[in-house]
Amino acid sequence: FGLPLAFVLTALVFAALAEDVGQRRGRQHLATFIILFLAFTLRLFDYDVMPDFRENEDELFAMWNGFSLLHDGTARGWSLWWGAYLTEPNVGEVYQAHYFYRTFDLVTPYFEHPPLLHLLVGAAGHLAGAQDYLEVTLGQARIVPIALSVVVLVLMIAIGRRLYPRSSAPYWGAFLYAVLPWIVLQTRVVKEEALVTPLALGSILAFLTWRDEGRSTSFLVLAA
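Residues numbered from 1 in each chain as written. Predicted model: local features only at pLDDT ≥ 70, side-chain atom pairs only at ≥ 80, totals over all residues. Heavy atoms only, no water.

1. Notes on the overall build of the protein chain
Inference 1: Assigned secondary structure in the protein chain consists of 10 helices and 3 strands.
Inference 2: Reading the protein chain from its N terminus to its C terminus gives the helix and strand order α-α-α-β-β-β-α-α-α-α-α-α-α.
Inference 3: Counting only residues that meet the buried cut, the protein chain has 42% of its 224 residues in that class.
Inference 4: For the protein chain, the share of sequence-separated contacts (at least 6 apart) that also reach a separation of at least 24 residues comes to 72%.
Inference 5: Looking at the protein chain as shown, the accessible area adds up to about 12,000 Å², and 66% of this sits on carbon and sulfur atoms. (Helix = DSSP H or I, 4+ residues; strand = E, 2+ residues; numbered from the N terminus. Buried < 20%, exposed > 50% of the residue type's maximum accessible area, 1.4 Å probe, protein only. Contact = heavy atoms within 4.5 Å. Areas by Shrake-Rupley, 256 points an atom, 1.4 Å probe, with all protein chains shown as cover.)

This is how it looks when you write it as structure tokens:
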């Protein structure tokens, strides 16, 4: 499957250099679709079991914090520095929760990480039917970073086409990001970087649009 698809993609990206503008645009759209489809398919393969949930426990506090914020408006997460919350009165409540393979020291309210990605993950758990923060599963939560990684690919191609409009470089770059195994695995993981990356690329694209299309204030504000 992979080898024939690589040949097809090679033909498509070089076809993107066609002289006819309409033909070139159609083939560019087709190349983009194939890259996005391939990236999404690879990321969905066994996404709920690999990487193993014990490899990065940061995923757990993202799931728990996001669900708790949406459910009762209170931040909640495990912490290596739970003792620091006990040094001052009324700073946070510390308690323990058992989760499959070990017991976590949980803190509420929790102040150690920005919550925006957590809220998206918590919303995915809510929509999937979780009734408690410990019920949110990786299969529910990892849909969020996988979807965001597809957004990253769209932004990569858009930025590349703006910088190199007659080159196949945007498509080759996106193709590598779509299929390299370690990128495929890591872009499944629930980490803040999953949201920081598309936000950063979106800012770059907005700036380039401001620079190239009349310096509209709205695009500069959007970049900022």
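Once you've had a look at it, read on.
2. Some remarks on helix 9 (residues 193-212)
Inference 1: With 20 residues, helix 9 extends 28 Å between its outermost C-alpha atoms, agreeing within 8% with the 28 Å of an ideal straight helix rising 1.5 Å per residue.
Inference 2: Every buried residue belonging to helix 9 is among Ala194, Leu195, Pro198, Leu201, Leu205, Ala206, Leu208, Thr209 and Trp210, and all of these are buried.
Inference 3: Tucked inside the fold, the buried residues of helix 9 contact helix 4 (116-127), helix 6 (143-163) and helix 10 (217-223).
Inference 4: Residue glycine 214 follows helix 9 closely and has a positive phi angle near 85°. (Expected span 1.5 Å × (residues − 1).)

3. Brief notes about the environment of valine 179
Inference 1: In this fold, valine 179 is placed in helix 7 (residues 169-179).
Inference 2: The spatial distance from the C-alpha of valine 179 to the C-alpha of isoleucine 35 is 8.9 Å, given a sequence separation of 144 residues.
Inference 3: Look past the residues within four positions of valine 179 in its chain and what remains in contact with it is Leu38, Leu42 and Val184.

4. Some words on the packing of aromatic side chains
Inference 1: Under the criterion given, the structure shown has 15 aromatic pairs.
Inference 2: When the ring of tyrosine 101 is compared with that of phenylalanine 104, the centres are 6.1 Å apart and the planes differ by 85°; the resulting orientation is edge-to-face.
Inference 3: The partly exposed category is assigned to tyrosine 101, whose relative accessible area is 29%.
Inference 4: Aromatic rings pair up to connect Phe53, Phe61, Trp64, Trp78, Tyr99, Phe100, Tyr101, Phe104, Tyr110 and Tyr133 into one cluster. (Phe/Tyr/Trp six-rings, centres within 6.5 Å; stacked < 30°, edge-to-face > 60°.)

5. A short note on helix 4
Inference 1: Compared with the 16 Å implied by 1.5 Å per residue over 12 residues, the 17 Å span of helix 4 between its first and last C-alpha is a close match.
Inference 2: For helix 4, the set of buried residues is Leu117, His118, Val121, Gly122, Ala124 and Gly125. Mapping the buried residues of helix 4 onto a view down its axis gives an arc of 155°, with all of them on the same face.
Inference 3: Against helix 3 (58-72), helix 5 (138-141), helix 6 and helix 9 lie the buried residues of helix 4. (Arc of directions from axis to C-beta.)

6. As for the packing of helix 6 against helix 7
Inference 1: At their nearest, the axes of helix 6 and helix 7 sit 8 Å apart, and the two run at 160° to each other. The pairing of helix 6 with helix 7 is recorded here as roughly antiparallel in orientation. In the crossing of helix 6 with helix 7, the sense of the turn from one axis to the other is right-handed. Between helix 6, through Ser149, Val152, Leu153, Met156, Ile157, Gly160 and Arg161, and helix 7, the contact on the second element is made entirely by Pro170, Tyr171, Gly173, Ala174, Tyr177 and Ala178.
Inference 2: Partitioning the contact of helix 6 with helix 7 into residue classes produces 9 nonpolar, 3 polar and 1 charged. (Axes fitted to C-alpha atoms, helices over the stretch in contact; angles between N-to-C directions. Parallel < 35°, antiparallel > 145°, perpendicular 65-115°, else oblique. Left-handed = near helix turned anticlockwise from the far one by under 90°. Nonpolar A, V, L, I, M, F, W, Y, C, P; charged D, E, K, R; others polar.)

7. Looking at the confidence of the model for the protein chain
Inference 1: Across the protein chain, the average pLDDT comes to 87, with 90% of residues at 70 or higher.
Inference 2: For the protein chain, per-element mean pLDDT is lowest for helix 1 (residues 2-15), which scores 64, and highest for helix 6, which scores 95. (pLDDT = per-residue confidence, 0-100.)

8. Some remarks on the pattern of salt bridges
Inference 1: What the rule picks out here adds up to 7 salt bridges.
Inference 2: Across the pair arginine 102 and glutamate 57 runs a salt bridge whose closest N-O atoms are separated by 2.7 Å. Of the two residues, arginine 102 sits in strand 3 (residues 102-108) while glutamate 57 sits in the loop between helix 2 (21-44) and helix 3, which places them 45 residues apart along the sequence.
Inference 3: Overall, the relative accessible area of 29% leaves arginine 102 in the partly exposed class.
Inference 4: Across the pair arginine 162 and glutamate 213 runs a salt bridge, and its minimum N-O distance is 3.0 Å. Here the residue arginine 162 occupies a position in helix 6, and glutamate 213 occupies one in the loop between helix 9 and helix 10, the gap between them amounting to 51 residues.
Inference 5: Residue class for arginine 162 comes out partly exposed when judged on its relative accessible area of 27%.
Inference 6: If you follow the salt bridges from partner to partner, you end up with Arg162, Arg211, Asp212 and Glu213 in one network. (Salt bridge = Lys/Arg side-chain N within 4 Å of Asp/Glu carboxyl O.)

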